[in-house]
Amino acid sequence: NLEGKEKKKVVDVGTGGGFPGLPLAILFPSVEFTLVDSVGKKLRAVSDMADELSLTNVQTHHGRAELMVDESASLHYQQYDVCVGRSVAALPKFCFWVQDLLNQDDGKLVYIIGGEVEEVVTLRLEDDVPLDRLIGEGTSDKRALILSASSVKEVAKESGEKKQRVGVPGTKRKS
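## Quick notes on the layout of surface pockets
- When its volume is computed, the largest pocket comes out at roughly 800 Å³.
- In terms of lining, the largest pocket is formed by 28 residues, of which the most central are Leu-2, Leu-24, Phe-28, Val-84 and Val-110.
- Of all the elements in the fold, those that place two or more residues in the lining of the largest pocket are helix H1 (21-27), strand S4 (82-86), strand S5 (108-113), helix H7 (131-135) and strand S7 (143-148).
- Across the lining of the largest pocket, the residue classes tally to 19 nonpolar, three polar and six charged.

Structure representation (structure tokens):
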């Protein structure tokens, strides 16, 4: 639930052209949105769209999600109530990238995906919602998978990824 007493924060990782971040920002004007992408050209377009729509609750971050905490821990470490993403990578890898962004008390990952999902993920799902149930029958074969922050950490362990120390190629940071 994005409505409430406290100011909620959502991070849209791999936002591309601003979906789903921009439509959500329109629907939830009291929620702060950070739209993340590693492609600057896409983010400039998204920023222009947010300005054109007078969305004051949207900011962009040019970079890789897995480096956001290293770049500015006070702004990003466990600061987000919800992380949204859509078929950016295999879900265990995506979980590895975003695990340190989610608030560990009640943070949620909402991942839009089509096709098969790894068993390591299905065992930890809080919910699996067909999008056509949300937006109309027969409109999509995709679904929204919802995982708690603790489940995101567990799935991330299955990714095979290792954290890199920033600025030191070929070195690994302790997880």
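## Some remarks on the sheet that holds strand S3 (residues 58-62)
- Strand order in the open sheet formed by seven strands is S3-S2-S1-S4-S5-S7-S6, and the pairing between neighbours is mixed. At either margin of the open sheet sits one strand with a lone partner, and together these are S3 and strand S6 (127-130). Averaged over all neighbouring strand pairs, the angle between strand axes comes to 20°, with direction disregarded.
- Judged from the five bridges that link them, S4 and S5 form a sheet pairing that is parallel.

## A look at a nonpolar patch on the surface
- Together, Ile-26, Met-49 and Leu-53 line one region of the surface with nonpolar side chains, adding up to about 270 Å² of accessible area.
- For Met-49, a relative accessible area of 35% translates into the label partly exposed.

## Here's the deal with the packing of aromatic side chains
- Evaluated as defined, the whole model comprises two aromatic pairs.
- Note on Phe-94 and Tyr-111: the rings are 4.8 Å apart at their centroids and 50° apart in plane angle, and the pair reads as tilted. With Phe-94 in helix H5 (residues 91-98) and Tyr-111 in strand S5, this pair connects stretches of sequence that are 17 residues apart. Per residue, the accessibility class of Phe-94 equals that of Tyr-111, and both read buried.
- An aromatic cluster is defined as three or more aromatic residues linked by ring pairs; in this entry it consists of Phe-94, Trp-97 and Tyr-111.
- Looking at Lys-9, its charged tip hangs above the ring of Tyr-80, at a distance of 5.3 Å from the centre.
- If you follow Arg-64 out to its NZ or CZ, it ends over the ring of Trp-97, 5.8 Å from the centre.

Calculation rules
- Residues numbered from 1 in each chain as written.
- Predicted model: local features only at pLDDT ≥ 70, side-chain atom pairs only at ≥ 80, totals over all residues.
- Heavy atoms only, no water.
- 1 Å grid on protein atoms, 1.4 Å probe; cavity = no way out; pocket = protein on both sides within 12 Å on 5 of 7 lines; lining within 4 Å.
- Points joined across faces, edges and corners; volume = space filled by probe spheres on them.
- Helix = DSSP H or I, 4+ residues; strand = E, 2+ residues; numbered from the N terminus.
- Nonpolar A, V, L, I, M, F, W, Y, C, P; charged D, E, K, R; others polar.
- Pairing = 2+ DSSP bridges.
- Axes fitted to C-alpha atoms, helices over the stretch in contact; angles between N-to-C directions.
- Patch = residues over 30% accessible without salt bridge, like charges linked within 9 Å, V, L, I, M, F, W, Y side chains within 5 Å.
- Areas by Shrake-Rupley, 256 points an atom, 1.4 Å probe, with all protein chains shown as cover.
- Salt bridge = Lys/Arg side-chain N within 4 Å of Asp/Glu carboxyl O.
- Buried < 20%, exposed > 50% of the residue type's maximum accessible area, 1.4 Å probe, protein only.
- Phe/Tyr/Trp six-rings, centres within 6.5 Å; stacked < 30°, edge-to-face > 60°.
- Lys NZ or Arg CZ within 6 Å of the ring centre and 35° of its normal.

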